[in-house]
Amino acid sequence: MKNIMIVLISLILTGSVFPDELNVVTTYPYIASIVEQIGKDKVNVFALANGEWDPHTIIPKPSFIAKLRKADILILNGAQLEIGWLPPLMRQANNSKIQVGTPGILDLSKYVELIEVPTAISRAQGDVHPDGNPHFHLDFKNIPKISTAIAHKLLEIDPVNKATYEQNNNAFLEKFYQKEKEWTAALEKLRGTKVIEYHKIYDYLLQRVGFQLVGTIEPVPGISPTSRHIESLEKIISSNDVKYILQDVYHPDDASKYLSSKHKIKMIIIPHDIGSVSNTNNIFEFFDEIVRRLIDD
Ligand SMILES: [Zn+2]
């Protein structure tokens, strides 16, 4: 009896009252949403970043270290999106389960095809996309690859629930492919539309939809616009029929608003992650909302 009490107390103190649940930490909310769909009641998921923040520059909180310390699995976007903020947190958490090269870490960028991979290292000019564009989750066709990679990781770390993870992923894929058909059909009428964006965050989406990106408000990813760069954008606008300016929720929108009002181009706020705007509580709602904002003309 005494032994049982000691075990119970130590379980409560270490927070593992439900030792069956895997503690999964993800860097971004979109990853957490997919983990919830695949892991359901077998996992306890926590996303470090908030969907309203710049994914490149997360301000760390002390609670992040505690979460990383207890993690069984860490799932990250990769392609250097977290390079500016995650490594020091991982060092401080010092959790042997989620060190680079161990099975407890999953880098999703390894499962998709990156676009805009530079031929020479351009980080010297301040480019925050040195490995190629890291915002691949904005292409909904990458989500099934991501969910399957997550399912394989969960069943590798927790083989007892292998069948559950496989079933959940199959159910997720079935629903996702159905939604994907709807999104593709709804966006078809926008093929060929010319757009400008602030940061090169929507490029995978633009490629999927068949938008034509004619300019970015940032001269280089991560570098704020100069007045000379805005002038060069205005020249592009004068010789192109630009329909939309796509603005994210975390960069200043003064340049977009200026170009929008001066040149009569509609500015649309597009969420870049779950929670960027309202009605984006999971991965399905996230794409529903993006599509709704793009076709709502
Ligand atoms: Zn970026």
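The rules behind each value
- Residues numbered from 1 in each chain as written.
- Predicted model: local features only at pLDDT ≥ 70, side-chain atom pairs only at ≥ 80, totals over all residues.
- Heavy atoms only, no water.
- Donors = N, O, S within 2.8 Å, 3.2 Å for Na, K, Ca; no water.
- Tetrahedral: all angles 85-135°; square planar, octahedral: opposite > 155°, others 65-115°.
- Buried < 20%, exposed > 50% of the residue type's maximum accessible area, 1.4 Å probe, protein only.
- Pairing = 2+ DSSP bridges.
- Helix = DSSP H or I, 4+ residues; strand = E, 2+ residues; numbered from the N terminus.
- Axes fitted to C-alpha atoms, helices over the stretch in contact; angles between N-to-C directions.
- Salt bridge = Lys/Arg side-chain N within 4 Å of Asp/Glu carboxyl O.
- Domains from an automatic or database assignment.
- Contact = heavy atoms within 4.5 Å.
- Buried area = accessible area lost by both parts, 1.4 Å probe.
- Right-handed = clockwise from strand over helix to strand, strands pointing away.
- Arc of directions from axis to C-beta.
- Polar contact = N/O pair within 3.5 Å; in protein donor to acceptor, adjacent residues only side chain to side chain.
- Parallel < 35°, antiparallel > 145°, perpendicular 65-115°, else oblique.
- Left-handed = near helix turned anticlockwise from the far one by under 90°.
- Nonpolar A, V, L, I, M, F, W, Y, C, P; charged D, E, K, R; others polar.

Caption draft 1: Region of the structure containing the coordination of the zinc ion. Around the zinc ion, the donor atoms from the protein are His 56 (NE2), His 129 (NE2), His 135 (NE2) and His 199 (NE2), and they sit 2.0 Å away. Classification of the site at the zinc ion as tetrahedral follows from its four donor atoms and the range of 105 to 113° in their angles at the metal. Look at His 129 and you get buried, because its relative accessible area is 4%.

Caption draft 2: Highlighting the sheet that holds strand 6 (residues 212-216). Overall, parallel pairing links the four strands, which are arranged 6-5-7-8 in an open sheet. The sheet terminates laterally at strand 6 and strand 8 (266-269), the two strands that pair on one side only. Recorded for the sheet is a direction-independent mean angle of 30° between the axes of neighbouring strands. Where strand 7 (residues 242-247) lies against strand 8, four bridges are found, and the strand directions are parallel. Following the sheet pairing, Leu 246 is matched in strand 8 by Ile 268.

Caption draft 3: Quick look at the pattern of salt bridges. Within the structure shown, the criterion is met by 16 salt bridges. Put simply, Glu 180 and Lys 141 hold a salt bridge, and the shortest N to O gap is 2.6 Å. Within this pair, whereas Glu 180 is found in helix 6 (residues 162-187), its partner Lys 141 is found in the loop between strand 4 (105-107) and helix 5 (143-157), the two being separated by 39 residues in sequence. Residue Lys 141 is classed as partly exposed on the basis of its relative accessible area, which comes to 36%. With a closest N to O distance of 3.4 Å, Glu 188 and Arg 191 form a salt bridge.

Caption draft 4: Here's a closer look at the domain arrangement of the protein chain. The domain boundaries assigned to the protein chain delineate domain 1 (2-181) and domain 2 (188-295). Taking the mean C-alpha position of each, domain 1 and domain 2 sit 27 Å from one another. Every contact between the two is made by 35 residues of domain 1 and, on the other side, 29 residues of domain 2. Surface buried jointly by domain 1 and domain 2 totals about 2700 Å² across both partners, of which 64% is contributed by carbon and sulfur atoms. For the pair domain 1 and domain 2, the interface holds three salt bridges.

Caption draft 5: Inspection of the pairing of strand 6 at higher detail. Strand direction decides the pairing type here: strand 5 (residues 194-197) and strand 6, joined by four bridges, are parallel. Across the sheet, Ile 196 pairs through a bridge with Gly 215, a residue of strand 6. Since strand 5 and strand 6 lie parallel, the crossover through helix 7 (residues 203-209) that links them has a hand, and here it is right-handed.

Caption draft 6: Spatial organisation of helix 9 (residues 254-263). Every buried residue of helix 9 is accounted for by Ala 255, Ser 256, Leu 259 and Ser 260. All buried residues of helix 9 fall inside an arc of 130° around its axis, so they share one side. Looking at the buried residues of helix 9, the elements they touch are helix 8 (227-238), strand 7 and strand 8. Positive phi shows up at Lys 264, right after helix 9, with a value of about 55°.

Caption draft 7: The arrangement of helix 3 (residues 62-70) in detail. Phe 64, Ile 65 and Leu 68 are the residues of helix 3 that are buried. End-on, the buried residues of helix 3 take up no more than an arc of 100°, which puts them together on one face. At its buried positions, helix 3 is contacted by strand 1 (22-26), strand 2 (43-47), strand 3 (73-76) and helix 4 (86-93).

Caption draft 8: Quick peek at the side chain of Asn 142. Mapped onto the elements of the fold, Asn 142 is located in the loop between strand 4 and helix 5. Overall, Asn 142 belongs to the buried group, its relative accessible area being 4%. Side-chain polar atoms of Asn 142 contact the backbone oxygen of Phe 136, separated by 3.0 Å. Those residues in contact with Asn 142 that lie beyond four places of it in its chain are Val 112, Phe 136 and Tyr 204.

Caption draft 9: Spatial organisation of the packing of helix 3 against helix 4. Where helix 3 contacts helix 4, the two axes come as close as 8 Å, and the packing angle between them is 60°. Judged by the angle between their axes, helix 3 and helix 4 are oblique. Note that helix 3 runs across helix 4; the crossing there is right-handed. Residues Phe 64, Ile 65, Leu 68 and Arg 69 of helix 3 pack against Leu 86, Leu 89, Met 90, Gln 92 and Ala 93 of helix 4. Class assignment of the residues belonging to the contact of helix 3 with helix 4 gives a composition of seven nonpolar, one polar and one charged.

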